[in-house]
Amino acid sequence: MEKEKIIIDNAGESVFAYAVDFIEDFWGFTGACKEAGAQWNRERGADSRYVTSGENGPALLRGLQEAGFYVVVTPGAADMMKISSRASDAASERLIDGTQAHIEALGLPFYGYQENGVSFLRARMRALLADDMGLGKSIQALGALDFAAMAVVVCPAGIKESWRGQVTKWRPDLEPVVLSGRGSFRWPDAGEVIIVNPEILPETPAIAMQGRPQFEMLGNTGARRKTVIIADEAHYFKGSAKKVARVRRFRALVKEATGADGRVWLLTGTPMKNRPNELWNLLQSAGLAKEAYGSWHKFLSAFNAEQGRFGIEWGEPTDAAAAGLERVSLRRCKGDVLPDLPSKRIEDVS
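One structure accompanies this document, and this report is about it. This one's a predicted model, so the numbers in the text were calculated from it and none came from an experiment. (Residues numbered from 1 in each chain as written. Predicted model: local features only at pLDDT ≥ 70, side-chain atom pairs only at ≥ 80, totals over all residues. Heavy atoms only, no water.)

What follows covers the pairing of strand E4 (residues 49–53). Across the five residues that make up E4, a large majority, four, are buried. Here strand E2 (residues 14–19) pairs with E4 via five bridges, running antiparallel. Counterpart to serine 14 in the pairing with E4 is serine 53. When strand E3 (residues 39–40) meets E4, the two strands line up antiparallel, connected through two bridges. (Buried < 20%, exposed > 50% of the residue type's maximum accessible area, 1.4 Å probe, protein only. Helix = DSSP H or I, 4+ residues; strand = E, 2+ residues; numbered from the N terminus. Pairing = 2+ DSSP bridges.)

A sheet is described by the order of its strands in space; here seven strands give the open sequence E8-E9-E7-E10-E11-E6-E14, paired in parallel fashion. The open sheet is flanked by strand E8 (175–178) and strand E14 (329–330), the only strands paired with a single partner. Here strand E7 (residues 151–154) pairs with strand E9 (residues 192–196) via four bridges, running parallel. Bridging from a neighbouring strand, valine 153 pairs with isoleucine 195 of E9.

The next thing to look at is helix H7 (residues 137–144). For H7, the tally of buried residues reaches eight of eight residues, placing the bulk of the element in the interior. For H7, the complete set of buried residues consists of Lys137, Ser138, Ile139, Gln140, Ala141, Leu142, Gly143 and Ala144.

These values are about where atoms sit, not about what they do.
This is the structure in structure tokens:
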């Protein structure tokens, strides 16, 4: 019988355990929680959940694991348990260091520039990774996710299965879930990477819960706390939100996620394909435009733009154009990273 999945999350100074679906071994779950000193708290919602202090979290984790449950710990709870657990608590230490351990076990270490990319993303709530094609932007984004993270990858429909393979290969601690069809969107549970194409994003992701538990909502938002939005081929969102439905839906998704302490990372090797206003729209989609340039007026000035008879006429970009983009993005060309690359790499993909 497959192990039942239990989530350990945090709220304030406490951690709590709950099941995503109906628990077959309910009494085993109850017994393990009580034995670890956790108490049932109905006030948090109708779903069964047991609450304990953060410093007692490692005991709760061990108890549930010993009872045969598959336990996933959210990033917030993991951080709290690391702070409050003793250094000798091997189970907790393995949990916190799980991301690096999984990647190292693959025998496919990051190149130096990719390690820098991972650090760049991890340090930012909103960011643009604009490396050349083929330098592993998706790998860097996956490496930047916390252990047991909650993530939504928005990408063209044709590469959804490729993303499933990348998650399976590089982050076996995470479960890839590919969505298809209108109305299929949902927010991820801990340890899940939801993979979705922009055409099927809902207009209002807050209500697209499909009967999922409601107790993780913050205020009126439907986003699960600390969800990371990853937009691959992010230049798809270079249009106007007033005119392009996929841009409008993506921005709604980002608003929900960032309003619930989430992140948004854009991945594209072509942040500006034609005109500078596309760059502004792209940055706007992740809430980066003002951080980069301050205002639309300053953006126009950075690109020597003037109002012409038939619209804006763009001139030669100034140094301020590149400086603004550098504030929010990281870009490496293939020539820049050659010293980090081996002369040859052979990999069996059969």
